[in-house]
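Remarks on the overall topology
Each chain, letter by letter, is given below.
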Amino acid sequence: MAVMAKTRSVLRLAGRVINEAVSFIIFSILDLLDFLLCFVYKVADFFIEAEWKPCYCSSAKEAITSSGKILVSEQGESKIVCLSSSKLQLEEISDTLYARPSLLSEVSKSTVKELKRLKMEGTMIKSCEKIKKGTVRSTFTVNSTIVEMLQGRIGGQQSHPIPRWSDCDCKSCTSWTSSCKETLFVRADGAKDKAREDVLFIHGFISSSAFWTETLFPNFSRSVKSTYRLFAVDLLGFGRSPKPTDSLYTLREHLDMIERSVLEPYKVKSFHIVAHSLGCILALALAVKHPGSVKSLTLLAPPYFPATKGEQAAQHVLRKVAPRRVWPVISFGASIACWYEHISRTVCLLICKNHRLWEFLTKLVTRNRIRTFLLEGFFCHTHNAAWHTLHNIICGAAGKLDGYLDTVRDHLKCDVNVFHGRDDELIPVECSYNMQSRIPRARVKVIENKDHITIVVGRQKAFARDLEEIWRKSSE
């Protein structure tokens, strides 16, 4: 037995060394490839769209201000001035958008710095001044051109931007452009009249409302469907919801769209929330924003990676979610999505833009014997939406999660239930236990032999019963 144990230990160590060595070689090559693709896309964008599209390889300022935003600095963090109706608001963006160190990062920055001289840039003075009681007021001055641009946007003179050439322009992906309302796609089910309670379902990263409507909705009991209104949304940038090319997909934008699309039009006063993965962050933020309205929180595979004291939270989460390793495969995919702006855009170009072809081939190969709702959810998004949502929500909101969890613990009375698959290789089980340590009343249920997706898919009947029991107890 001792020999067997020692052999297994040696094999694990050898496997880890091989994984790290191969990963170093592969990701060094990917660093170079992303560097080259940066220039390829700049040329392609210029010839196809007649505009030189900045990226985060150069600088955050150039990439953000090119979309009509104003970048300022506050307490060493990056924020943008965003227009909402007739208000200017400051909101945070993640530094992982433009601070992802690689072997070629310094070379890339120095080269692009020379190319930037060919472009005319607006002027902007950024300053931060501290005021009494430890609060901060951001002051900035912009030139007349930017002021006129903002006035034009306030007056409603700017229309929906068209999809980029590398995005899909099919009817399903662009249907939102023909609507006069800027709201999310919402699938409503359950009680039509005299509904006793409401439930909001929020999907995870690169998914859609079908994650819920094709699994849980058909499996709820008649009593639930007669007393509950069930709302499943496609998040901003995903599924059949709007995919604006000038959005930075920040936390505020996602929350505002949920409120504008569900809470306000359906007059939702109190509600339960069920969220998966990235959706858990939005669920917590929404609960903190509406503390008296949330009756229960059910979180599946929450990405909660508490940082150590003095460590930058966003960078910590980036390395946890995307460790730059080739194995396991799901970590390799997450690393591609997180670290490489241009490689991930190429993936979207090949897969998302041609999603109808891939869906047809899938149905052809399987003879239409499997349901393809997971693939459809994976295909229907833009690179801009995926890139910014990944960094601004999963990474950028990491520094807020401790505060959110403390607020839920101290000021909300709602039940908190956390589900996690034991075999989840993307978000480890420790994340749920970390959350429970922050909210002691939270109940954690670990499902054996289930991963990030099969925690719902494949056990939808059992999970539907779990939810019904949670809602019943919360009502009592």
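Just so it is clear, the structure is predicted and the values come from calculations on it, not from any experiment.

A closer look at the overall build of the chain
From N to C terminus, the chain includes 18 helices and twelve strands. For the chain, buried positions account for 50% of its 476 residues. Counting only carbon and sulfur atoms, one obtains 57% of the accessible surface of the chain, whose full area is about 23700 Å².

Here's the deal with the packing of aromatic side chains
Summed over the entire model, instances satisfying the criterion amount to 17 aromatic pairs. Look at Phe-27 and Phe-332: their rings are 5.8 Å apart centre to centre, the planes differ by 70 degrees, and that puts the pair in the edge-to-face class. Of this pair, Phe-27 sits in helix α1 (residues 2-49) while Phe-332 sits in helix α11 (residues 329-339), and the two are 305 residues apart along the sequence. Relative accessible area serves as the criterion here: at 1%, Phe-27 is assigned to the buried category. An aromatic cluster is present here, built from Phe-201, Phe-211, Trp-212, Phe-217, Phe-220, Tyr-228 and Trp-471 joined pairwise through their rings. When the ring centre of Phe-185 is taken as origin, the NZ or CZ atom of Arg-240, which lies over that ring, is 4.1 Å away. The ring centre of Trp-339 lies 4.9 Å from the NZ or CZ of Arg-324, which sits over that ring.

A closer look at the pattern of salt bridges
Evaluated as defined, the whole model comprises 19 salt bridges. Among the ionic pairs, Asp-45 bridges to Arg-345, the shortest N-O distance being 2.9 Å. Of this pair, Asp-45 sits in helix α1 while Arg-345 sits in helix α12 (residues 341-351), placing them 300 residues apart in sequence. Assessed through its relative accessible area of 7%, Arg-345 is described here as buried. For Glu-197, the salt bridge identified is with Lys-295, shortest N-O distance 3.3 Å.

Observations regarding the nonpolar core
Residues Leu-200, Ile-202, Leu-284 and Leu-297 are the most contacted members of the largest nonpolar core, which totals 73 residues. When residues in this core are grouped by element, the largest group, nine residues, is from helix α9 (residues 278-289). Residues contacting Leu-297, with those up to four places away along its chain left out, are Ile-273, Ala-283, Leu-284, Ala-287, Val-408, Cys-414, Asp-415, Val-416 and Asn-417.

A word on the confidence of the model for the chain
On average, the chain scores 83 in pLDDT, and the residues at 70 or more come to 79%. The secondary-structure element of the chain with the lowest mean pLDDT is strand β4 (residues 124-130), recorded at 37, while strand β9 (residues 271-276) shows the highest, at 98. A low-confidence stretch, residues 118-160 stays under pLDDT 50, and its non-local contacts, those more than four residues away or across chains, total 61 contacts.

Focus: α1
The end-to-end C-alpha separation of α1 is 66 Å, in line with the 70 Å expected for 48 residues at 1.5 Å each. Remark: Ala-50 follows α1 within two positions and exhibits a positive phi of approximately 60 degrees.

Some remarks on the side chain of Asp-31
Summarising the element assignment, Asp-31 is placed in helix α1. Within the local environment of Asp-31, its side chain forms a polar contact with the side chain of Tyr-340, the two groups lying 2.7 Å apart.

Brief notes about unusual backbone geometry
In the segment running from Trp-327 into Pro-328, the intervening peptide bond is cis, with an omega of 5 degrees. Checked against the element boundaries, Pro-328 lands in the loop between α10 (313-321) and α11. Even without being glycine, Ile-206 reaches a positive phi, approximately 50 degrees. The residue Ile-206 is located in the loop between β7 (197-202) and α6 (210-213) in this model. By relative accessible area, Ile-206 is classed as buried at 19%. Despite not being glycine, Asn-449 has its phi angle at roughly 60 degrees, a positive value.

Concerning the side chain of Ser-209
Mapped onto the elements of the fold, Ser-209 is located in the loop between β7 and α6. When sequence neighbours within four positions are dropped, the list of residues in contact with Ser-209 reads Phe-185, His-203, Ala-232, Val-233 and Asp-234.

Reading guide: rules and limits
Residues numbered from 1 in each chain as written. Predicted model: local features only at pLDDT ≥ 70, side-chain atom pairs only at ≥ 80, totals over all residues. Heavy atoms only, no water. Helix = DSSP H or I, 4+ residues; strand = E, 2+ residues; numbered from the N terminus. Buried < 20%, exposed > 50% of the residue type's maximum accessible area, 1.4 Å probe, protein only. Areas by Shrake-Rupley, 256 points an atom, 1.4 Å probe, with all protein chains shown as cover. Phe/Tyr/Trp six-rings, centres within 6.5 Å; stacked < 30°, edge-to-face > 60°. Lys NZ or Arg CZ within 6 Å of the ring centre and 35° of its normal. Salt bridge = Lys/Arg side-chain N within 4 Å of Asp/Glu carboxyl O. Core = buried A, V, L, I, M, F, W, Y, C linked by side-chain atoms within 4.5 Å. Contact = heavy atoms within 4.5 Å. pLDDT = per-residue confidence, 0-100. Expected span 1.5 Å × (residues − 1). Polar contact = N/O pair within 3.5 Å; in protein donor to acceptor, adjacent residues only side chain to side chain.

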